[in-house]
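Coordinate inspection notes
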Amino acid sequence: MDAGLKPYEQMKDSGVEWLGEVPEHWDVRRLGNSASVLNGATPSTNNRDFWNGNLLWLTPEDLGKLNSPRISNSARKITPEGHASCGTSIGPPESVALSTRAPIGHLGILATAGCTNQGCKLLVPSVAIDSQYLYRVLETARDELQSLGQGTTFLELSRAKLRNFQLPIPDCREQTAIILFLNHATGQIERYIRAKEKLIALLEEQKQVIIHDAVTGRIDVRTGMPYPTYKQAGVEWLREIPAHWNMVRNGRLFVQRNEVGFSELPILEVSLRSGVRERDFDNSNRKQVLSDLSKYKRAVKGDIAYNMMRMWQGAVGVAPVDGLVSPAYVVARPLTGIEPRFFDYLFHINEYMIEVDKYSRGIVKDRNRLYWEDFKQMPTPCPPSDEQVAIADTIDRIGHSTSTEIRNLQKQIDLANEYRTRLIADVVTGKFDVRKAVNSLP
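Keep in mind the model is a prediction, meaning the values are calculated, not measured.

1. Looking at the overall build of the protein
- The helix and strand inventory of the protein stands at 12 helices and 24 strands.
- Against the globule reference of 22 Å for 442 residues, the protein gives a C-alpha radius of gyration of 30 Å, more extended than a compact globule.
- A principal-axis box enclosing the C-alpha atoms of the protein has dimensions of 80 × 55 × 45 Å.
- When contacts within the protein are restricted to residue pairs at least 6 apart in sequence, long-range pairs at least 24 apart make up 71% of them.
- Approximately 22,900 Å² of the protein is accessible, and the part contributed by carbon and sulfur atoms is 48%.
- Across the protein, the mean location of the 55 positive side-chain charges is 3 Å away from that of the 53 negative side-chain charges.

2. Concerning the environment of R273
- If you trace the backbone, R273 turns up in the loop between β17 (268–271) and β18 (275–278).
- Owing to a relative accessible area of 83%, R273 belongs among the exposed residues under this scheme.
- For the pair formed by R273 and S401, sequence separation is 128 residues and the distance between their alpha carbons is 18 Å.

3. Description of the side chain of S360
- Inspection of the secondary structure puts S360 in the loop between α9 (350–359) and α10 (372–375).
- A polar contact of 2.8 Å, which involves the side chain of S360, links it to the backbone oxygen of V356.
- Ignoring anything within four residues of it in the chain, the contact list for S360 reads N368, R369 and L370.

4. A closer look at the packing of aromatic side chains
- This model, assessed by the stated rule, comprises 16 aromatic pairs.
- Seen from their ring centres, F254 and F347 are 6.3 Å apart, and the 50 degrees between their planes marks the pair as tilted. Here F254, found in strand β16 (residues 254–256), pairs with F347, found in helix α8 (residues 340–347); they are 93 residues apart in sequence, far enough to count as distant.
- The class for F254 is buried, based on a relative accessible area of 1%.

5. Notes on the pattern of salt bridges
- Applying the stated criterion to the full structure yields 24 salt bridges.
- Of the charged contacts, one joins R341 and D393 as a salt bridge, the two residues approaching to 2.9 Å between their closest N and O atoms. Residue R341 is found in helix α8, and its partner D393 is found in helix α11 (residues 385–428); the two are separated by 52 residues along the sequence.
- On the basis of relative accessibility, which here comes to 35%, the residue D393 falls in the partly exposed class.
- A salt bridge links E355 to K358; the shortest N-O distance between them is 3.8 Å. Of this pair, E355 and K358 both sit in helix α9, separated by three residues, roughly a single helical turn.
- Residues joined in a network through salt bridges with shared partners are R136, E139, E190 and R420.

6. With respect to the sheet that holds strand β21 (residues 316–318)
- Strands sit in the order β16-β23-β20-β21 across an open sheet of four strands; the sheet is antiparallel. On the outer flanks of this sheet lie β16 and β21, each paired with one strand and no other. When strand polarity is set aside, the average angle formed by the axes of neighbouring strands in this sheet is 30 degrees.
- Of the strands in this sheet, β16, β20 (304–307), β21 and β23 (329–334) are in contact with α8, which crosses β21 at around 165 degrees.

7. A look at the sheet that holds strand β11 (residues 120–125)
- Taken in spatial order, the five strands of this open sheet run β4-β11-β8-β9-β6, and their pairing is mixed. Two strands in the sheet have a free side with no partner beyond their single neighbour: β4 (35–39) and β6 (70–71).
- Pairing between β6 and strand β9 (residues 104–110): two bridges, direction parallel. The residue bridging R70 from the neighbouring strand is I109, located in β9.
- Taken strand by strand, helix α3 (residues 131–140) contacts β4, β6, β8 (96–100), β9 and β11, and its axis lies near 165 degrees from that of β9.

Cut-offs and rules
Residues numbered from 1 in each chain as written. Predicted model: local features only at pLDDT ≥ 70, side-chain atom pairs only at ≥ 80, totals over all residues. Heavy atoms only, no water. Helix = DSSP H or I, 4+ residues; strand = E, 2+ residues; numbered from the N terminus. Rg over C-alpha atoms; globule rule 2.2 N^0.38 Å. Contact = heavy atoms within 4.5 Å. Areas by Shrake-Rupley, 256 points an atom, 1.4 Å probe, with all protein chains shown as cover. Lys, Arg positive; Asp, Glu negative; His and termini not counted. Charge placed at Lys NZ, Arg CZ, Asp CG, Glu CD. Buried < 20%, exposed > 50% of the residue type's maximum accessible area, 1.4 Å probe, protein only. Polar contact = N/O pair within 3.5 Å; in protein donor to acceptor, adjacent residues only side chain to side chain. Phe/Tyr/Trp six-rings, centres within 6.5 Å; stacked < 30°, edge-to-face > 60°. Salt bridge = Lys/Arg side-chain N within 4 Å of Asp/Glu carboxyl O. Pairing = 2+ DSSP bridges. Axes fitted to C-alpha atoms, helices over the stretch in contact; angles between N-to-C directions.

It is worth stressing that arrangement in space is one thing and function is another; only the former is reported here.
See the structure below:
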C-alpha cells in the first residue's frame, strides 16, 4: 500500500520526542489550542430518575468495545435530570471521546451528542482540525498518552497534561487527504483481516464437524465414507450407530480411581478449552494448594478426569502425565482396550454435553454435579478397540494440521495489524506524503 508513497521534500524538527521530524509546512500545537477538553461525571446511581434516558453516556468500557470509530450507542444512558445533577459536559456530534483512565487511550467519535463519565474526556475540535484526523493522531499517540498517566491505584491522564499534549497539524486540505487515504487503506487491510478471520472460523467449524461425524459413526475415517450398515442406538440424541458398534454404559468402559496420598506429583487442572494440563501457580496459590494436598486425587497418564460441575461445558480431558487433581474432580481409569482419546473427543461434542447436563443433579441448576454414580450409568457409543485408536489418530492428525493452518493465518492477521498501525503512524506524523496518492483512489 505504501510502495508508491514518498517522503516530504522538506522536514523540520518538531521539538517533540515522539514526533521527531515533521514536514516543514506543518504546525505543531498543544491539543488545548486545537480542541476544547470537556470533563465527564456520573449521576447518582441511587436515583432512578437520572438513568435510562436518551443521552449518550460513555465509559472507558464502552469505548473499548467499539468495532469502528463511530459511537452511536452506550451501555447506559442518562436523562436531562441526570446530566444536570452531576455536571458532565455534553459534546456535539464529531467530538472525539478519549478514555483517560482504566485504561488510557480508548477512542471513538460521537455520531450524536453525548457525554461521559469521569474516566473519559470529550475533545471538541476547532475549525482548524478535523475530528477524524484528531482520532488518527491520538490513535498513533496511545503509548505516549499512557506514559503521561499518574496514580497509584490506576493511571490517569489529567486534563492539564492532555491540553498540553503536542500534535502535528497540517492544513485542513491536507488533513482531508490524509483521512481519505487512511480510510481507503485501512478499509482494505480490515477486509483482508476479516477474510482471514472467516477462514479461521471455517477451519474450526470443519474440524468440529469431522470430530462429530467420526465419534458418532457418521463417517468411517479409514475410508472417508459412511459405514455400510447401521442399527438403532437406542438413545434419543444419537439414533443410529454403525452395526458393529455397541452402546455401552460408562461403568463398563471406566472404573473410578479414588487414590490419595501422592503429594510429590504435579497439580493438574481441567480447562474448558485445553483439557487436562499441569497447573501454573503463582507463589501464593501454590502455598494455598500445597497446604492440603492430602485430599487431592491421583490421576495416571491416560486417565479421564472431569470437573463434576463443569463437564456439561466440556471440562473434561485426558491426563497428559501422572498428577493430582482437585477433590471436586472425578478420575476415570479406562479399562483394557479402551482408548481414552476417542472418548475425550466424544465427551466434547454438544449432544453429549447436553446428555451430561441431563444426568447431572443438584439443588440449583447451575450448581449441578455429574457424580461418578451417574456418569457410569450414561450409555455411550463404543467402537472396537482398533477403530477407537484409528479415529483418535485421525482426529489428532486433522487437529494438528488445522492448528498449524490457524497459526499461520493468525500470523498473517498480526502482520496486517502491525502494518496498519505503522502506516497510520507514518502518515499522520508526516513521514509519507499522501496528497498525490489520494487523487488516484477509486
